[in-house]
Amino acid sequence: MRIHNKLTIAYLLTNAIPIIVLSMLFIKQAESLIINRIGDSYQTMVSQQNSSISFNLQLYESIANHLMLNPDIQSLLSDPSIFEDKGIITVNKEIYAATRFMRAYRESQVEEVGFYYTKDYTYSDGQFIFPMSALRDDPHFDTFNNKKPMWYLEHDAFQDKYFITYFRAIFSYEDSVQIGYLKMKVNLPSIVSIDSDLTQQLGNVRFHIVNENGTTIYDADSSLIGQPSLLQLVQKEASPREAEVIYQDDDRYFVWHQQLEPLGWVIALSVPTESMDEPIHRMRTYVLISGAIACAVFTVISYLLTQQITNGIRKLRNKVGRVAKGFQYPASPATGKDEISILDRSFDDMLNSLSKLIHENYSVSLKKRDMELQLLQSQINPHFLYNTLEFIKSEIDLMECDTDMAVKMIVKLGDLFRVSVSQGKHFIPFSDELYHANCYLDIVQIRSQSKFDVEWEIDPAVKRFYTLKIILQPILENAIQHGLEALTDRRGLIRITAYIKETKIVVDVIDNGVGMEEDKLLQLQHPSDSDNQSGVGLFNVSRRLKTYFGDMYGLTISSQAGMGTTVSYCLPVVDSDQDIPITEGLLKRQANVNLSR
């Protein structure tokens, strides 16, 4: 294991273990505190809702008392003959005025108010005053107690809605004789509504209200109202500060509840046990995140500290590793005074000496490559020059000399060698290379009296790029001498094409000459193994391409006896004579050298 890793692990152990131990102790103490505080807060919520509902019930009881003591209602229930004297319309208006006090219908959300005679009188306005027979139709009539008011849940089938109904007997305030009954129907939410903001904050916590018969008066799920309570809280008599554990459909709940006095109802708050675990999990998450952050900070500090300690060793190791792979890079001398820094500086001195030696060897390699290219080029120019001058001399010696033809050949020859010289440059524009080849073909056609045709298919985009000079002419010379001169059964044809394919320029020279046998084709495809029967032409072209661009480039030759020959080569796309890629051959010779200095 590396020194840096050992030191990092040591620092982590000395810091992480105390953090983990302290975090576990804190979590254990905090869990107990959270459970106690949550239980107290839930019980407080139950007490607050109990007080709110009790206040609402008292409000409506006070409204009912005010109605029962109204003089018009007292006199009407005491003496039903008033209907005959005043008429139903007048009586209805008086009762309406009596029930409209303090705008009770709107502010208190009283849905209906009904007054019932103690006997089955036929007088009724159909809105406020009813006979005793109408009261007997109420399913709760048998449970009425004349001495005690009653609250119960009532379902309006017509509206499909639940109401809280208040029922009590009405007594004459003059002689305390019962004169009738009061029935007041109140909207359920105005009595047992739970604050919506509170329920949203509580999440999975639910409030329930159950009457003395076990029927659900209120639940967050409105479909459960009027149904038997699933929690069965009526028989529970646990301490108000303690939570009961109740199971429902294989789910486990904590329940806090209180009695709604004096009705005998129960208000309860149920919480899934999983929700009780949520704040504990949240607290654990906070503690673990804090501990993880602390460990991460100590890890970073430990890493940086050990990195600083081992920085000198690491730099020296990297230098030695790169040199072992055959590369150098700019030296960054160590400034310290410790043993590692001294060793680092000594190693840099050794690299400097090695770099100078490599630079000298590289310069020699470049000079050697240029000499090789010039040698190959010098082999081509004298050969063609000798043949052309010999032909011009022969033409001039003849008595029937065509002076214009000789002059034309001399001009073409001059243009040809002007391109060949190119001020000593190895790379020339493709347009010059094509012109050089065209001059050559013009001279040869004059000499051979146009025994063959030439077709050019050149992509105009190719002409603006650069090429290694005098590549095309030796290929054309080989096609003429070895393919077309021996042709007797048809007229010769040479087609030259040049186009761009992906990132390369492809040139094809196709002739319809005599072609060659397979054994001779194999010799041309492996110039290093050939006996150089093709002269300095194809052999030198292939050598020059491979020397400058690498083994991936060179000539591709395909031929069939009696059918013709195709010679192809490709070049990288070069935008200028300065944008010359480093050859693969040179890279191989410099495989262990990296001159980045």
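**Student:** Break down the overall build of the chain for me, with residues and values.
**Tutor:** Counting its secondary structure elements, the chain contains 16 helices and 17 strands. Residues classed as buried in the chain amount to 42% of the 597 residues present. When contacts within the chain are restricted to residue pairs at least 6 apart in sequence, long-range pairs at least 24 apart make up 63% of them. For the chain, the exposed area adds up to about 33700 Å²; of that, 54% sits on carbon and sulfur atoms.

**Student:** Residues and numbers for the packing of helix H12 (residues 430-448) against helix H13 (residues 472-484), please.
**Tutor:** Angle between the axes and distance between the axes: these two values describe a pair of packed helices. One way to put it is that H12 packs onto H13 with a least axis distance of 9 Å and a crossing angle of 30°. When the axes of H12 and H13 are compared, the pair comes out roughly parallel. Considering how the two elements wind past one another, H12 and H13 form a crossing that is right-handed. Contacts from Glu433, Leu434, His436, Ala437, Tyr440, Leu441 and Val444 in H12 reach Leu472, Gln473, Leu476, Glu477 and Ile480 in H13. Partitioning the contact of H12 with H13 into residue classes produces eight nonpolar, two polar and two charged.

**Student:** Let's hear about the environment of isoleucine 191: which residues, and what values?
**Tutor:** Residue placement: isoleucine 191 occurs in helix H7 (residues 189-192). Residues isoleucine 191 and tyrosine 60, spaced 131 residues apart in sequence, show a C-alpha to C-alpha distance of 9.0 Å. Every residue in contact with isoleucine 191, bar those within four places of it in the chain, is listed here: Ile53, Asn56, Leu57, Tyr60, Trp151, Ile164 and Val186.

**Student:** Go over the packing of H13 against helix H15 (residues 537-549) with me, naming the residues and quoting the values.
**Tutor:** As a packed pair, H13 and H15 sit with axes 8 Å apart at the nearest point and diverge in direction by 155°. Taken together, the axis directions place H13 and H15 in an arrangement best described as roughly antiparallel. Once H13 is placed against H15, the crossing between them reads as left-handed. Residue-level contacts link Pro474, Ile475 and Asn478 of H13 to Gly537, Leu538 and Val541 of H15. Taken together, the residues of the contact of H13 with H15 sort by class into four nonpolar, two polar and no charged.

What counts and how
- Residues numbered from 1 in each chain as written.
- Predicted model: local features only at pLDDT ≥ 70, side-chain atom pairs only at ≥ 80, totals over all residues.
- Heavy atoms only, no water.
- Helix = DSSP H or I, 4+ residues; strand = E, 2+ residues; numbered from the N terminus.
- Buried < 20%, exposed > 50% of the residue type's maximum accessible area, 1.4 Å probe, protein only.
- Contact = heavy atoms within 4.5 Å.
- Areas by Shrake-Rupley, 256 points an atom, 1.4 Å probe, with all protein chains shown as cover.
- Axes fitted to C-alpha atoms, helices over the stretch in contact; angles between N-to-C directions.
- Parallel < 35°, antiparallel > 145°, perpendicular 65-115°, else oblique.
- Left-handed = near helix turned anticlockwise from the far one by under 90°.
- Nonpolar A, V, L, I, M, F, W, Y, C, P; charged D, E, K, R; others polar.

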